[in-house]
Structure formats: structure tokens, C-alpha cells
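Working through the structure, step by step
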Amino acid sequence: GQSLEQPSEVTAVEGAIVQINCTYQTSGFYGLSWYQQHDGGAPTFLSYNALDGLEETGRFSSFLSRSDSYGYLLLQELQMKDSASYFCASHSGGYQKVTFGIGTKLQVIP
Amino acid sequence: GAGVSQSPSNKVTEKGKDVELRCDPISGHTALYWYRQSLGQGLEFLIYFQGNSAPDKSGLPSDRFSAERTGGSVSTLTIQRTQQEDSAVYLCASNLGVMVEGETQYFGPGTRLLVL
């Protein structure tokens, strides 16, 4: 089976750094993705990790440790517009089945 | 258009009625996915299409739910005899489906279904 765990809510201050953790139990694991979803909007892709280590894309970075079945999304220089839900998603299976976590609601406060 | 489109954007129906939700994927995308998202919840996988075939229907919650895809393009998700617990946002996503590792899924805006 497939399951992912991430915190339900996180609050951080504008300009600060926040880390959103994700642990997974996925058979046939390929990699871990992160998606952002604003209220009322569709999920949009942020990053993907297949190998251990850190991937950096602007203010966002994502990390994966396959041995620990663990990853995180790091958001730097937080802006108010970063307030959204962030989903980790595991990729598995021959056709790249994607299983999403429940999402972490990030609130950025002034 | 350039992105995934879904229709209708909102649907209100009475319990027991049938509904059809439509998804137009990005042109050339062979893989198409349906998800359901209840208020404040994550994305629940429903079904996956590769071309017109559905190799994985494991997420369909009951036999009231069915989906088809024609011409390798448009897909329709049908819910028969709707129940109040079917109320949710139904999201469609597509990608090239060539098993490029970590390939992005492109999501449509969703259909918000409310069953009264």
C-alpha cells in the first residue's frame, strides 16, 4: 500500500524559513513530488526528487532521504503569497502512480 | 486552450440523480487522472487512463462511479445515484504518460459537486 504523513498546519512569519516534512510508506517507490494549492485553486507542481539530496529551485528547495523514507520542502524568504496548502506525493509503480498526502496548510503571518 | 479544462465548474444536484463530469486534457497528453478532494482534505486517487484504457480503477469508491475516455482525449466521470458524501471537488490531471521519471501532472481547475 501507499501512505504519506505530513503536518496538517504550519504557521510562519513573513521573511522567515519554514520546513514541511513528509514521511512515506510506498512500495515500488520511484520519487517524491511537491505540489502547491491555493484555496479554491488547482494543485501546481513545485519539485521532484528521485535521488537522495537537496534540489533547489529559487526560494523553494526539496530534500529526499530514501533510506529514511523521508523528505521535506524548504521555503525561504517567505512571502504572504506563499500561504497555501502543500502536498507531498509519492511516485510508484510501472506507470508512475502518484499518491498524495493530506496536505500541510501553511499560513504566513506579517 | 493551453491547459486542462473541466466542466462544469460547479454542479449542484439532488440526492439520487446522476451526474457527468468532463475533462479535456492538454493536447497530446496520453495519461489522464481523476482525483477527488473533499473539503480540507488531500487528493484521493480515483482512476488512471493511458490512452483510452484504464489500467488502474482501484480508486473508484463504489460501482456508482465509472469513467470513460474516447479518442485518447476527453474523459467523462459519471456518478450514478449520487449521495451526499459524493460532495467534493473532482480534479482531473494529465501528462505525457511516457513514464518520464517524476513527470509533472497538470491539473484542471476542478468541478465542485454539491449533492443536496
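Since the model is a prediction, treat every value here as computed from it, not as a measurement. (Residues numbered from 1 in each chain as written. Chains lettered and ligands numbered in written order. Predicted model: local features only at pLDDT ≥ 70, side-chain atom pairs only at ≥ 80, totals over all residues. Heavy atoms only, no water.)

On to the state of the cysteines. Scanning the model with the defined rule gives 2 disulfides over all chains in all. One disulfide bridge connects Cys22(A) with Cys88(A), the sulfur atoms lying 2.1 Å from each other. On the sign convention where negative is left-handed, the bridge of Cys22(A) and Cys88(A), at about 75° about the S-S bond, is right-handed. Taken as a pair, Cys22(A) in strand S3 (residues 18-26) and Cys88(A) in strand S9 (residues 84-92) lie far apart in primary sequence, 66 residues in all. Here the two residues Cys22(A) and Cys88(A) agree in accessibility, since each one is buried. Disulfide pairing is shown between Cys23(B) and Cys92(B); the S-S distance is 1.9 Å. With the S-S bond torsion at -65°, the cross-link from Cys23(B) to Cys92(B) turns out left-handed. With Cys23(B) in strand S3 (residues 19-24) and Cys92(B) in strand S9 (residues 88-95), this residue pair connects regions lying 69 residues apart in the sequence. Take Cys92(B): its relative accessible area is 0%, and that puts it in the buried class. (Disulfide = S-S within 2.5 Å. Helix = DSSP H or I, 4+ residues; strand = E, 2+ residues; numbered from the N terminus. Buried < 20%, exposed > 50% of the residue type's maximum accessible area, 1.4 Å probe, protein only.)

In terms of nonpolar packing, the biggest core is built from 21 residues, with Val18(A), Leu32(A), Trp34(A), Leu75(A), Leu78(A), Tyr86(A) and Leu106(A) touching the most fellow members. At the level of elements, strand S2 (9-13), S3, strand S4 (29-37), strand S7 (60-65), strand S8 (70-75), S9 and strand S11 (104-109) of chain A are the ones that each hand at least two residues to this core. For this core, the element with the highest residue contribution is S3(A), accounting for 4 residues. In this structure, Leu32(A) is in contact with Leu4(A), Cys22(A), Tyr24(A), Ser47(A), Tyr48(A), Asn49(A), Leu64(A), Gly71(A), Cys88(A), Ala89(A), Ser90(A) and His91(A), ignoring residues within four places of it in sequence. Val4(B), Trp34(B), Ile79(B) and Cys92(B) belong to the second-largest nonpolar core, a separate cluster that totals 19 residues. (Core = buried A, V, L, I, M, F, W, Y, C linked by side-chain atoms within 4.5 Å. Contact = heavy atoms within 4.5 Å.)

It is worth stressing that arrangement in space is one thing and function is another; only the former is reported here.
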